[in-house]
Structures are given as C-alpha cells and as structure tokens.
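Analysis of the macromolecular model
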Amino acid sequence: MTVRDFETRDLMMEAAAARIAEALNHAIFERGCAVAALSGGTTPAPAYALLAAKPVDWRHVTFILVDERFVPTTD
C-alpha cells in the first residue's frame with residue numbers, strides 16, 4: 001500500500017478524481033464498461049464534482065451507491 005500526503009484538501013480531491021477517472025477509463029478500454037461503487041456525503045463531494053469534468057465516456061459507466069457506516073444486520 002502506498003500512502004500519499006497532500007498539502008491541501010483541494011490537491012487530494014483532484015488526485016482522487018484523476019485516479020477514479022483513470023480506473024474507469026481503463027475498465028472501459030479493457031471490458032467496454034465500468035462500475036464505480038461510491039459513498040455519498042459531503043466529504044467526497046468535491047472529488048465527484050471534479051470527476052464529472054474528466055474525459056470519461058459516461059455512457060459506459062454504472063454507478064452503485066454504497067454506505068460504509070456500520071448498521072446491525074437486524075436494522
């Protein structure tokens with residue numbers, strides 16, 4: 001695992017958006033489609049806004065919303 005430090009939150013969000021776009025484009029190239037499972041909330045919102053502006057063929061991307069919070073199985 002590689003840990004990267006960023007001087008600002010904005011630089012971290014840009015790096016996250018670039019990495020997600022790179023992975024999506026790679027999947028589209030290799031398989032013709034991509035799936036992205038992304039958490040919601042305010043923390044990743046800036047990265048998602050930047051991601052939306054990246055050159056990705058969005059017609060070939062399926063998004064799945066996930067929630068990383070723990071909830072008992074009985075909930």
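Predicted, not measured: the structure shown is a model, and the values here were computed from it.

1. A word on the packing of aromatic side chains
- Within this structure, the stated rule accounts for 1 aromatic pair.
- Look at Trp58 and Phe63: their rings are 5.9 Å apart centre to centre, the planes differ by 25 degrees, and that puts the pair in the stacked class.
- Taking the relative accessible area as the measure of exposure, Trp58 reaches 29% and is therefore partly exposed.
- Overall, the relative accessible area of 41% leaves Phe63 in the partly exposed class.

2. With respect to the nonpolar core
- If you look at the biggest cluster of nonpolar residues, it comprises 11 residues: Ala17, Ala21, Leu24, Ala27, Ile28, Ala34, Ala36, Leu38, Leu51, Val56 and Val61.
- Broken down by secondary-structure element, the contributors of at least two residues to this core are α1 (9-31) and β1 (34-39).
- Take this core: its biggest share by element is 5 residues, from α1.
- The contact partners of Leu51, leaving out residues within four places of it in the chain, are Ala17, Ile20, Ala21 and Trp58.

3. Some points on the pattern of salt bridges
- For the coordinates displayed, the defined rule picks out 3 salt bridges.
- The shortest N-O distance in the salt bridge between Lys54 and Glu14 comes to 2.5 Å. Taken together, the residues Lys54 in the loop between α2 (45-52) and β2 (61-66) and Glu14 in helix α1 connect sequence positions 40 residues apart.
- Note on Glu14: relative accessible area 31%, which makes it partly exposed.
- A salt bridge links Arg19 to Glu22; its shortest N-O distance comes to 3.9 Å. Pair noted here: Arg19 and Glu22 are both in helix α1, with a separation of 3 residues, about one helical turn.

Thresholds, definitions, all that
- Residues numbered from 1 in each chain as written.
- Predicted model: local features only at pLDDT ≥ 70, side-chain atom pairs only at ≥ 80, totals over all residues.
- Heavy atoms only, no water.
- Phe/Tyr/Trp six-rings, centres within 6.5 Å; stacked < 30°, edge-to-face > 60°.
- Buried < 20%, exposed > 50% of the residue type's maximum accessible area, 1.4 Å probe, protein only.
- Core = buried A, V, L, I, M, F, W, Y, C linked by side-chain atoms within 4.5 Å.
- Helix = DSSP H or I, 4+ residues; strand = E, 2+ residues; numbered from the N terminus.
- Contact = heavy atoms within 4.5 Å.
- Salt bridge = Lys/Arg side-chain N within 4 Å of Asp/Glu carboxyl O.

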